[in-house]
Protein chains: 2
Amino acid sequence: MEDNKERAEIDNKDLDEETLFVVSQTFKALGDPTRIRILNLLFHKEFSVNGISETLHLRQSTVSHQLRFLKNLRLVKYRREGTTLYYSHDDEHVMNMLRQTIEHACHN
Amino acid sequence: MEDNKERAEIDNKDLDEETLFVVSQTFKALGDPTRIRILNLLFHKEFSVNGISETLHLRQSTVSHQLRFLKNLRLVKYRREGTTLYYSHDDEHVMNMLRQTIEHACHN
DNA sequence: ATAAAATATGAACATATACTAATATATGCA
DNA sequence: TGCATATATTAGTATATGTTCATATTTTAT
């Protein structure tokens, strides 16, 4: 036996529950068209909630809900300016995956 | 104006419906713990349906349903040997994303 | 042709998810 | 304080999703 009780999860037959949860949550975040559109919008610059709402033709409520979802997963962050909140992306790894997959899907 | 009517989707404010569908479907496939476990299992070698079922303690029916899902997205393929079907992964890009994200999640 | 083994399918069910309308909260300013 | 603007939250609803049981299909061997 070696001194490492457990090898990296990737080498095991099965994954532990916590890893499974985090990974599935992360991908779930990218598994919805609305959230993809929002993240894609935030690729280049920050947007206010209303900015997103108007640009993507989504209800303010819908945008706010999805931003909370993304915020909980730390995929976006915001800064305040008066009553306005400016959201921007906050996870390079996820944004890279998204970019790659979009490029991959765009019948290159 | 230039001769390219449309730049790559990634540079536009919004994505077209088809791209949105493909991308969200791809991530949706990775957004479920059961499918993640199956794909993770298929990382190293092929497995029969029953093999997956027994290894992951899942009903045969559940595995079969999820494999169909993954097959429709061309994330897995199979070869036949008698009455047994051996499944293996069929999308390097997706498997790489999965590996990266698992490693990323495993509090490295 | 019939039976056995492996896998696929269909229907039913419970839960999760996303959107909406209505309302609440928070901030800045007169 | 009172009002306007921006955002968040709550509750309700419709749809999507994942699992299970039962059954059908497919393939091989006898």
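Along every chain, residues carry numbers that run from 1 in the direction the sequence is written. Lettering of chains starts at A and numbering of ligands starts at 1, both following the order in which they are written. The predicted origin of the model limits local features to residues at a pLDDT of at least 70 and limits the giving and counting of side-chain atom pairs to 80 or more, whereas totals for whole chains, interfaces and linings rest on all residues. Hydrogens and water are ignored here; the side-chain numbers use all heavy atoms of the structure.

Asker: Got a sec to walk through the relation of the copies chain B and chain A? Specific residues and values, please.
Answerer: Relating one copy of the chain to the other requires a rotation about an axis plus a shift along that axis. The two copies are related by a screw motion: chain B maps onto chain A through a turn of 180 degrees and a shift of 0.0 Å along the axis, at an RMSD of 0.0 Å. These values place the two chain copies in the arrangement generated by a two-fold rotation axis. Here a residue-residue contact requires only that any non-hydrogen atoms of the pair lie within 4.5 Å. The overlap is high: 100% of the interface residues of chain B also sit at the interface in chain A, so the same surface is used on both sides. For this overlay, a least-squares fit was computed on C-alpha atoms, restricted to residues scoring pLDDT of at least 70 in both copies.

Asker: Describe the protein's contact with DNA strand C, with residues and values.
Answerer: Taken together, the neighbourhood of DNA strand C is formed by 24 residues, with Thr34, Arg35, Ser61 and Gln66 of chain A together with Tyr87 of chain B sitting nearest. Each atom of DNA strand C within 4 Å of the protein belongs either to a base or to sugar and phosphate, the latter forming 69%. Polar contact criterion, stated in full: a pair of N or O atoms within 3.5 Å, where within protein one must be able to donate a hydrogen and the other to accept it, and residues adjacent in sequence count only if both atoms are side-chain atoms. For DNA strand C, a phosphate oxygen lies 3.3 Å from a polar atom in the backbone of Val49 of chain B. Measuring from a base nitrogen of DNA strand C, one finds a side-chain N or O atom of Gln60 of chain B at 2.8 Å. A helix here means a DSSP run of H or I that spans at least four residues, while a strand means a run of E at least two residues long, and both kinds are numbered starting from the N terminus. Within the residue set of the surface near DNA strand C, elements represented by two or more residues are helix 2 (33-41) and helix 4 (60-72) of chain A together with helix 3 (49-56), helix 4 (60-72) and strand 3 (84-89) of chain B. In terms of residue count, helix 4 of chain B provides more of the surface near DNA strand C than any other element does, five residues in total. Taken together, the residues that form the surface near DNA strand C break down as three nonpolar, 15 polar and six charged. The nearness test applies per residue and asks whether one of its heavy atoms lies within 4 Å of the molecule or strand. Classification used: nonpolar for Ala, Val, Leu, Ile, Met, Phe, Trp, Tyr, Cys and Pro, charged for Asp, Glu, Lys and Arg, polar for all others including Gly.

Asker: So what about the protein's contact with DNA strand D? Which residues, and what values?
Answerer: Near DNA strand D you find 24 residues, and of these Tyr87 of chain A together with Thr34, Arg35, Ser61 and Gln66 of chain B are the closest. Contact distances for DNA strand D include 2.9 Å between a phosphate oxygen and a side-chain N or O atom of Ser64 of chain A. Contact distances for DNA strand D include 2.9 Å between a phosphate oxygen and a side-chain N or O atom of Thr62 of chain B. Those elements that provide at least two residues to the surface near DNA strand D are helix 3 (49-56), helix 4 and strand 3 (84-89) of chain A together with helix 2 (33-41) and helix 4 of chain B. Partitioned by chemical class, the residues of the surface near DNA strand D number three nonpolar, 15 polar and six charged.

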